[in-house]
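Per-entry structural report
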Amino acid sequence: MIVHHPSEATLAAYAAGTLPEALALVAASHLGHCATCRDTLSTLEATGGALLEDLPPVPLSIDALDRLLGRMDQPAPPPLPILNPELPAPLNRVALGRWWPVGLGIRYRPLKSSGAAWGGLVLAQPGRSFPRHGHKGREMTCVLSGAFADQDGKFAAGDLSEPAADHDEPPVVIGAQPCLCIIASEGMHLRGLLGWAQRMIGR
Amino acid sequence: MTKTAPPEGSPDYAALIQSIAQRQDRQAFADLFAHFAPRVKAWMLRGGVNPTAAEELAQETMLSVWRKAHLFDPERAGASTWIFTIARNLRIDTVRRERHPSDLMPDPSEEPDAPVQADRMIAMSQQETRIRSALSLLPPEQSEVIRKAFFEDKVHAEIEKELGIPLGTVKSRLRLAITRLRAALGDLA
């Protein structure tokens with residue numbers, strides 16, 4: 001059962017299309033698990049539709065429709081291929097780098113996405129702590145499998161952590177299974193070994 | 001499914017999209033284009049896109065409507081909502097060179113039929129009508145943050161600076177507005 005959700009502000013940014021791609025992928029991983037947030041998202045997207053409907057129209061050039069009619073027989077671009085069948089949608093279609101060991105029992109696999117935020121997968125073994133984050137800008141983590149705990153409680157598959165302030169205590173993997181998460185952040189740089197790996201990888 | 005008639009006087013845009021899907025209806029497309037392309041262009045301009053690019057993005061949005069009409073499911077989204085999400089994703093792609101995760105999701109047609117919950121099977125055109133009326137009833141300060149969040153390609157921290165109110169206030173106004181919008185759909189959902 002999902003306990004930890006993204007904020008309404010985050011869902012609004014996702015619906016409006018202003019959340020940077022890496023953060024949006026973390027939010028999407030939560031949405032795949034959470035009917036409540038999908039429902040809020042559908043209200044927000046309907047809000048986008050209603051706002052669009054109410055906008056005073058700005059005319060296009062006179063021949064805009066004719067020019068478009070000439071292009072309508074061209075085939076649609078093919079759907080993006082599945083690159084990572086082991087991961088849930090939408091992560092199965094994103095390009096990922098290789099796994100990097102970034103400490104004892106912790107591995108990191110960066111998203112090859114450009115944009116205002118960076119992110120990747122983190123796999124941590126039972127009992128290990130996730131690297132500490134220095135929170136500048138937004139940061140989000142969604143658990144894909146296993147579980148971790150921090151001062152905000154326990155996070156299991158589908159739970160999304162969006163800490164408001166600096167975490168004093170790093171999250172620790174709980175239970176007997178390794179914990180796989182998708183993380184993303186803007187502006188923030190990781191400390192310690194993961195920070196070193198981040199700089200080596202170039203993001 | 002019970003079909004609810006669209007509001008009086010407004011054409012049934014969902015039916016136009018379906019007739020594109022069913023029989024490549026070019027007249028239906030021309031009607032949709034006349035209504036939505038100038039609104040999509042207006043939305044792009046509000047988001048800071050230059051006029052040439054806004055015109056192109058409006059055309060690309062309508063081209064996607066033509067190509068993706070078979071994926072439109074009137075039980076899941078109203079016509080304006082569906083077209084809004086297409087325009088949004090194209091704006092992200094063009095302006096930021098990023099992708100929205102919904103562009104990475106499988107087409108509904110390649111998924112095993114996900115059951116639509118009975119209580120979700122409502123006429124989405126009705127949902128859009130209710131949202132529009134709820135939007136017009138929002139207190140001005142809540143309406144302002146919602147409009148800024150959707151119209152201007154800005155992160156909430158920029159809205160904070162622009163309105164000169166703390167980020168926490170931006171977020172709490174958004175939360176209150178979303179609660180009201182959801183409540184407007186309360187007895188529908």
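Residues numbered from 1 in each chain as written. Chains lettered and ligands numbered in written order. Predicted model: local features only at pLDDT ≥ 70, side-chain atom pairs only at ≥ 80, totals over all residues. Heavy atoms only, no water.

**What to know about the interface of chain A and chain B**
Where interface size is quoted, it is often the accessible area lost as the parts come together. Facing 60 residues of chain A, the contacting portion of chain B comprises 67 residues. When the two sides are added together, the surface that chain A and chain B hide from each other amounts to roughly 5,800 Å², 62% of it contributed by carbon and sulfur. At the junction of chain A and chain B, the tally comes to seven salt bridges. R67 of chain A serves as the salt-bridge partner of E55 of chain B, at 4.0 Å between the closest nitrogen and oxygen. Our count for the contact surface shared by chain A and chain B stands at 21 residue pairs in polar contact (both at pLDDT 80 or more). Mapped by element, the contributors of at least two residues to the side of chain A that touches chain B are α1 (8-16), α2 (21-31), α3 (35-54) and α4 (64-69) of chain A. Top contributing element to the side of chain A that touches chain B by residue count: α3 of chain A, with 16 residues. For the side of chain A that touches chain B, the per-class residue count stands at 36 nonpolar, 13 polar and 11 charged. (Contact = heavy atoms within 4.5 Å. Buried area = accessible area lost by both parts, 1.4 Å probe. Salt bridge = Lys/Arg side-chain N within 4 Å of Asp/Glu carboxyl O. Polar contact = N/O pair within 3.5 Å; in protein donor to acceptor, adjacent residues only side chain to side chain. Helix = DSSP H or I, 4+ residues; strand = E, 2+ residues; numbered from the N terminus. Nonpolar A, V, L, I, M, F, W, Y, C, P; charged D, E, K, R; others polar.)

**A word on the nonpolar core**
When a protein is soluble and globular, its nonpolar side chains tend to lie buried together. By size, the foremost hydrophobic cluster in this structure holds 98 residues, and its most contacted members are F29, L32, F33, M62 and I146 of chain B. Among the elements that line this core, the one with the most residues is helix α2 (residues 26-46) of chain B, at 11 residues. Once residues within four sequence positions are removed from consideration, M62 of chain B is found in contact with L68 of chain A together with F29, L32, F33, F36 and A37 of chain B. Counting residues in hydrophobic clusters, the runner-up holds 14 residues, among them I106, V143, F148 and I183 of chain A. (Core = buried A, V, L, I, M, F, W, Y, C linked by side-chain atoms within 4.5 Å. Buried < 20%, exposed > 50% of the residue type's maximum accessible area, 1.4 Å probe, protein only.)

**Details of the packing of aromatic side chains**
This structure, assessed with the given rule, holds nine aromatic pairs over all chains. Aromatic pair Y13 of chain B and F36 of chain B: ring centres 5.1 Å apart, planes at 70°, arrangement edge-to-face. Of this pair, Y13 of chain B sits in helix α1 (residues 13-23) while F36 of chain B sits in helix α2, and the two are 23 residues apart along the sequence. The two residues Y13 of chain B and F36 of chain B agree in class, both being buried. Summarising the aromatic geometry, the rings of W43 of chain B and F84 of chain B are spaced 5.4 Å apart at their centres and angled 75° between planes, so their arrangement reads as edge-to-face. With W43 of chain B in helix α2 and F84 of chain B in helix α4 (residues 79-96), this pair connects stretches of sequence that are 41 residues apart. When its relative accessible area of 1% is taken as the criterion, F84 of chain B is described as buried. Through a chain of ring-to-ring contacts, three or more aromatic side chains come together here, namely F130, F148 and F155 of chain A. Of note, R98 of chain A hangs over the ring of W100 of chain A, and the distance from its end group to the ring centre comes to 4.6 Å. Sitting over the ring of F151 of chain B, R46 of chain B keeps its end group 5.1 Å from the ring centre. (Phe/Tyr/Trp six-rings, centres within 6.5 Å; stacked < 30°, edge-to-face > 60°. Lys NZ or Arg CZ within 6 Å of the ring centre and 35° of its normal.)

**A look at the pattern of salt bridges**
Applying the stated criterion to the full structure yields 14 salt bridges over all chains. A salt bridge links D54 of chain A to R132 of chain B; the nearest nitrogen and oxygen atoms lie 2.8 Å apart. Placement of D54 of chain A in helix α3 and of R132 of chain B in helix α5 (residues 124-137) is noted, with the two residues assigned to different chains. Using a relative accessible area of 41% as the deciding quantity, one classes D54 of chain A as partly exposed. Given the relative accessible area of 35%, R132 of chain B is considered partly exposed. Two residues, E60 of chain B and R71 of chain A, come together in a salt bridge whose shortest N-O distance is 2.9 Å. In this pair, E60 of chain B sits in helix α3 (residues 51-68) while R71 of chain A sits in the loop between α4 and β1 (100-101), so the two residues belong to two different chains. Residue classification places R71 of chain A among the partly exposed residues on the basis of a relative accessible area of 28%.

**Section: the pairing of strand β3 (residues 118-124) of chain A**
All names here are of chain A. Judged by how many residues are buried, β3 sits mostly within the fold: seven of seven residues are covered. Here five bridges tie strand β2 (residues 106-110) to β3, and the two strands are oriented antiparallel to one another. In the strand pairing of β3, R107 is matched with L123. (Pairing = 2+ DSSP bridges.)

**Points about the sheet that holds strand β4 (residues 139-145) of chain A**
Residues and elements named next belong to chain A. What the six strands build is an open sheet, ordered β1-β2-β3-β9-β4-β7; its pairing is antiparallel. Here the strands that pair on one side only, and so sit at the sheet edges, are β1 and β7 (160-161). Relative to strand β9 (residues 179-185), β3 is paired through seven bridges, and the arrangement is antiparallel. Counterpart to G119 in the pairing with β9 is A184.

**Considerations on the packing of helix α6 (residues 140-151) of chain B against helix α8 (residues 167-184) of chain B**
Relative orientation and spacing of two packed helices are given, respectively, by the angle between their axes and the distance between those axes. Residue and element names in this part refer to chain B. With their axes 9 Å apart at the nearest point, α6 and α8 run at an angle of 95° to one another. With respect to their mutual orientation, α6 and α8 come out roughly perpendicular. Contact residues: α6 offers E141, Q142, V145, I146 and A149, while α8 offers V170, R173, L174, L176, A177, R180 and L181. (Axes fitted to C-alpha atoms, helices over the stretch in contact; angles between N-to-C directions. Parallel < 35°, antiparallel > 145°, perpendicular 65-115°, else oblique.)

**Remarks on the confidence of the model for chain B**
All names here are of chain B. Per-residue confidence for chain B averages 84 on the pLDDT scale, and 82% of its residues sit at or above 70. Averaged pLDDT values for the elements of chain B fall to 77 in helix α7 (residues 156-163) and rise to 97 in α2. Taken as a whole, residues 1-6 scores under 50 in pLDDT and shows seven contacts with residues more than four places along the chain or in a different chain. (pLDDT = per-residue confidence, 0-100.)

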